[in-house]
Amino acid sequence: MTIKLKKQVIEILTVLKKKKTEQLASTLAKELNIDYIVLMAAINDLIDHDLGGFREKEIYQISLNDEGQNYLENGLPENQLLNLMKESDVKEISMEDLIVKSKLDKQIFYVGLSNMRKNGWIAQSKATGENKIFLVAEEFPETDVEKFMKSFKANLTRDYSKLSKNEQLQFDLLNRRKIFTKEKKTQRYIFLTKKGKSFKMSEIKELTHISKITSEMLSSGTWKDYDIKPFDVTKPGPSLKAGKTHPLVNLINQIREIFISMGFTEIRGPIVESAFFNFDALFQPQDHPARELQDTFYLNNPKFAKLPEKDRVLAVKATHENGGDSNSLGWRYQWDENIAKQTVLRTHTTATTMRRLAQFYRNNDKTPVKVFCIDRVFRNEKLDKSHLAEFTQIEGIVIDENVNLSDLIGLLSEFYKKMGFEKIITRPGFFPYTEPSMEVSVYYDKLGEWLEMGGSGIFRPEVTYPWGIKNPTRVLAWGQGLERIAMLYYDRKDIRDLYVNPIKWLRQQPY
Ligand code: PHE
């Protein structure tokens, strides 16, 4: 019967057959210059074929610590002192002088001195009034302690159980001087079984080396007859080029989750919007510069939009002309319904917010109302690396009784915290439709900078009164662009990348 083994296992088996006796695994691994784990895996293959095995043995490994190694090199303190006295041929010396000469730590000096006495090398006397040391022995044969120490010159660690009785005694003596460490270790000894010893190498065949397993090999079980190339799990896998959600969509979904987790519901509105909802309802006067062609895209088709209920249009008209019932003086000009009917590409999602206020009136909704909008807006901008003509805004509003600026700041803090910004700062700002208005900046750790995020405020009475939202019911609102934050999140320097879609960048995005 032949046995099939991996090449390396055959090599190890050959070595073991030559060695005849059992082998310490760690030593053998070193000798064969292979990993311990590789060796033990090979032994497992031998075990599978009943050719070999291993046994475990617990040993106490002893080795000299730093202090011990120092003594191994320079001699034990007692020998150092003895050498000093022998070298300078002094048969007597005062204790003080010997301390100075020895350059030893005082404590260690006394240990050395007491061992010299125990060894019968010296005598001490204070007869002359001075503490004197006399060398009394004639010969100084190597002590057992010294011999034991020297045994560590060849190998720095020794197996405690292999020490002779006398060596154990010396170890116990020296161990009290805290110059040894003693560690429990499990050793593995590898051996060949009877079968392993008698099996002829000529009957052992090498397994074919393969790197792929086919389904046939799996179903027939023949995969066991091959030496399968191991996987290198540290190597990166092949990159997958499957379809995935666009990073911008991922970000939008994250922000959507944030609003929803804060109790908001999503609203959407038309991209082709009336100037009425985009500007007029927001109390932006009809000659406001933001309305001009260079800022806003007007449409020829459809040229005019339908306005909401006549009485609401009149209410908005009144706020512009004289403040209506909002306690304002208004802008004091002749408001033109035809200008309000013009169609524009929505310049901000606040137009959609206004539609929600109109719906609030129409449905006689109850407070609180918390809605958000993440949607496309358009501005007549020249494109460059930080400007787009078509981009996305994120906007949220709360309609509720007695809400105030602190509530707004609280909402902003919570919102931006969930967006990953711990610190925010608000500064006074201006929007035609909010009073007071605030600019919001967040602290961006990665850059160590404050970044302006967007605007916020409480809608003016001129904006809310036409829709029946009257003091103490107020509307807190905030909004910002999506793409700027996307540039931060995805570390893009050019805002256009988000729409040009460099394929390399998209491929780097996680699934
Ligand atoms: N509409 C503002 C913009 O386009 C943002 C904003 C929304 C400001 C709500 C105040 C309140 O920048």
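Residues numbered from 1 in each chain as written. Predicted model: local features only at pLDDT ≥ 70, side-chain atom pairs only at ≥ 80, totals over all residues. Heavy atoms only, no water.

Peer 1: Looking at this structure, I do not really get the packing of aromatic side chains. What am I missing?
Peer 2: The final tally for this structure, using the stated rule, is 24 aromatic pairs. A ring pair is formed by Y490 and W505, whose centres lie 5.9 Å apart and whose planes are at 70°; its orientation type is edge-to-face. One end of the pair, Y490, is in helix α19 (residues 483–490); the other, W505, is in helix α21 (residues 503–508), with 15 residues separating them in the sequence. Look at Y490 and you get buried, because its relative accessible area is 17%. Here the aromatic cluster, defined as three or more aromatic residues joined through ring pairs, consists of F259, F264, F372, F415, Y416 and W478. (Phe/Tyr/Trp six-rings, centres within 6.5 Å; stacked < 30°, edge-to-face > 60°. Helix = DSSP H or I, 4+ residues; strand = E, 2+ residues; numbered from the N terminus. Buried < 20%, exposed > 50% of the residue type's maximum accessible area, 1.4 Å probe, protein only.)

Peer 1: Even after reading the chapter, I still don't get the pairing of strand β6 (residues 132–135), so can you show me in this structure?
Peer 2: The side chains of a regular strand alternate, residue by residue, between the two faces of the sheet. Relative to β6, strand β4 (residues 92–94) is paired through three bridges, and the arrangement is antiparallel. Residue E92 lies in a different strand from β6, and its bridge partner there is F134. The pairing of strand β5 (residues 122–125) with β6 spans four bridges and is antiparallel. Across the sheet, residue S125 finds its bridge partner in β6, namely K132. Joining the antiparallel neighbours β5 and β6 is a turn of six residues, in which G129 adopts a positive phi near 90°. (Pairing = 2+ DSSP bridges.)

Peer 1: Looking at this structure, I do not really get the sheet that holds strand β16 (residues 390–401). What am I missing?
Peer 2: Sheet strands line up and pair through hydrogen bonds in the backbone, either parallel or antiparallel. Ordered in space as β12-β15-β16-β20-β19-β18-β17, the seven strands form an open sheet in which the pairing is mixed. Unpaired on one side and paired on the other, β12 (265–266) and β17 (424–428) mark the two borders of the sheet. As defined by bridge partners, β16 adjoins strand β20 (residues 473–481) across nine bridges and the pair is classed as antiparallel. Opposite I397, over in β20, you have A477 as the bridge partner. Sitting on the sheet, helix α12 (residues 247–261) is in contact with β12, β15 (369–378), β16 and β20, with an inclination near 160° to β15. In this fold α19 packs onto β16, β18 (434–444), β19 (449–459) and β20, with an angle of close to 150° to the strand it touches most, β19. (Contact = heavy atoms within 4.5 Å. Axes fitted to C-alpha atoms, helices over the stretch in contact; angles between N-to-C directions.)

Peer 1: What exactly am I supposed to notice about the side chain of R291 here?
Peer 2: Its place among the elements puts R291 in the loop between α13 (275–278) and α14 (310–322). Overall, the relative accessible area of 5% leaves R291 in the buried class. Of note is the side chain of R291, whose polar atom sits 3.1 Å from the backbone oxygen of P285. Not counting the four nearest positions on each side in its chain, R291 is found in contact with A275, F279, D280, Q284, P285, Q286, T296, Y298, H320 and I339. (Polar contact = N/O pair within 3.5 Å; in protein donor to acceptor, adjacent residues only side chain to side chain.)

Peer 1: In this structure, what is going on with the site of the ligand? I would like to understand it.
Peer 2: Near the ligand you find H348, T350, R379, Q393, E395, F431, Y433, G455, S456, A477, W478 and G479, and these make up its full shell. Note that an oxygen atom of the ligand is positioned 2.9 Å from one of the side-chain N or O atoms of Q393. Between the ligand and Y433 there is a distance of 2.9 Å, counted from a nitrogen atom to a side-chain nitrogen or oxygen. For the ligand, whose unbound accessible area comes to 330 Å², protein coverage reaches 90%. Among the detected pockets, the ligand sits in the largest pocket. Going through the elements one at a time, β16, β19 and β20 are the ones with two or more residues in the shell around the ligand. If you tally residues by element for the shell around the ligand, the top one is β20, at three residues. Of the residues contributing to the shell around the ligand, the split by class is four nonpolar, six polar and two charged. (Near = heavy atom within 4 Å. Areas by Shrake-Rupley, 256 points an atom, 1.4 Å probe, with all protein chains shown as cover. 1 Å grid on protein atoms, 1.4 Å probe; cavity = no way out; pocket = protein on both sides within 12 Å on 5 of 7 lines; lining within 4 Å. Sits in = over half its atoms within 2 Å of the grid points. Nonpolar A, V, L, I, M, F, W, Y, C, P; charged D, E, K, R; others polar.)

Peer 1: I'm lost on the environment of F191 in this one. Help?
Peer 2: Its location among the elements puts F191 in strand β8 (residues 180–192). Residues F191 and F372, spaced 181 residues apart in sequence, show a C-alpha to C-alpha distance of 74 Å. In this view, F191 contacts E22, G52, G53, F54 and R55; residues no more than four positions away in its chain are not counted.

Peer 1: Just to check I follow, could you spell out the environment of A25 for this structure?
Peer 2: Mapped onto the fold, A25 is located in helix α2 (residues 25–32). Classification of A25 as buried rests on a relative accessible area of 0%. In this structure the C-alpha to C-alpha distance between A25 and F191, which are 166 residues apart in sequence, comes to 9.6 Å. Look past the residues within four positions of A25 in its chain and what remains in contact with it is Y36, L39, M40, R188 and I190.

Peer 1: Mind showing me how you'd approach the layout of surface pockets here?
Peer 2: Over the atoms, a rolling probe the size of a water molecule traces out where space has been left empty. Quantified by volume, the largest pocket comes out at close to 960 Å³. Contributing to the lining of the largest pocket are 40 residues, with R379, F391, Q393, F431 and G481 lying nearest its centre. Broken down by secondary-structure element, the contributors of at least two residues to the lining of the largest pocket are β16, β18, β19, β20 and α19. Looking at which element gives the most residues to the lining of the largest pocket, the answer is β19, with seven residues. Residue classes in the lining of the largest pocket are distributed as 14 nonpolar, 18 polar and eight charged. (Points joined across faces, edges and corners; volume = space filled by probe spheres on them.)

Peer 1: Can you help me understand the pairing of β8 in this one?
Peer 2: In the sheet, strand β2 (residues 23–24) pairs with β8 via two bridges, with the strands oriented antiparallel. Looking at β8, one finds that Q23 is bridged to I190. Sheet analysis places strand β3 (residues 52–64) next to β8, joined by 13 bridges and oriented antiparallel. Its bridge partner being in β8, K57 is matched across the sheet by Q187.

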